[in-house]
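An overview of the molecular structure
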Amino acid sequence: MQDYIDVLLLHISEERLNTLSREYVSCLAQEEAAFTALNATFTEEQSSLFRVYDNARSACESSFEDAYARQAFLLAREIYR
């Protein structure tokens, strides 16, 4: 049997794009524009190095978000017991 918190995290992750605020979407667009401008200045080697960095940063951020959400579910479970 799959841990119910894992099931909830998966559902939240799958539905995340449907529930984003306008503010977040605007920030995301600004981030993308800034990256596009920055990426245009990179050499091929710099671009490759940045992709490695960005992948590592994204994995770390994802792990943090999962741990944070898991702690929220565990806290809610304790409160409602």
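Here's a quick rundown of the structure. No experiment lies behind these values; they were computed from the predicted model shown. (Residues numbered from 1 in each chain as written. Predicted model: local features only at pLDDT ≥ 70, side-chain atom pairs only at ≥ 80, totals over all residues. Heavy atoms only, no water.)

**Overview of the environment of Leu17**
Mapped onto the elements, Leu17 comes out in the loop between α1 (4-15) and α2 (22-39). Judged by its relative accessible area of 70%, Leu17 falls in the exposed class. Spatially, the C-alpha atom of Leu17 lies 30 Å from that of Thr41, the residues being 24 residues apart in sequence. (Helix = DSSP H or I, 4+ residues; strand = E, 2+ residues; numbered from the N terminus. Buried < 20%, exposed > 50% of the residue type's maximum accessible area, 1.4 Å probe, protein only.)

**Things to note about the packing of α1 against helix α3 (residues 44-79)**
A pair of packed helices is captured by two measures, namely the crossing angle of their axes and the spacing between those axes. For the pair α1 and α3, the least separation of the axes is 10 Å and the interaxial angle reads 125 degrees. Taken together, α1 and α3 sit at an angle that is classed as oblique. Crossing angle aside, the handedness with which α1 passes α3 is right-handed. Facing Tyr4, Ile5, Asp6, Leu8, Leu9 and Ile12 of α1, the residues of α3 in contact are Asp66, Ala69, Arg70, Phe73, Leu74 and Arg77. (Axes fitted to C-alpha atoms, helices over the stretch in contact; angles between N-to-C directions. Parallel < 35°, antiparallel > 145°, perpendicular 65-115°, else oblique. Left-handed = near helix turned anticlockwise from the far one by under 90°. Contact = heavy atoms within 4.5 Å.)

**Some remarks on the pattern of salt bridges**
Should their charged atoms come close, side chains of opposite charge can pair. In the structure shown here, the tally under the stated rule is three salt bridges. The closest approach of N and O atoms between Asp6 and Arg70, which form a salt bridge, is 2.2 Å. One end of the pair, Asp6, is in helix α1; the other, Arg70, is in helix α3, with 64 residues separating them in the sequence. When its relative accessible area of 31% is taken as the criterion, Asp6 is described as partly exposed. On the accessibility criterion, Arg70 (26% relative accessible area) is partly exposed. Measuring nitrogen to oxygen at the nearest pair gives 2.6 Å for the salt bridge that ties Arg57 to Asp54. Of this pair, Arg57 and Asp54 both sit in helix α3, three residues apart, which is roughly one turn of that helix. Given the relative accessible area of 24%, Asp54 is considered partly exposed. Taken together, the shared-partner salt bridges in this structure form one network comprising Asp54, Arg57 and Glu61. (Salt bridge = Lys/Arg side-chain N within 4 Å of Asp/Glu carboxyl O.)

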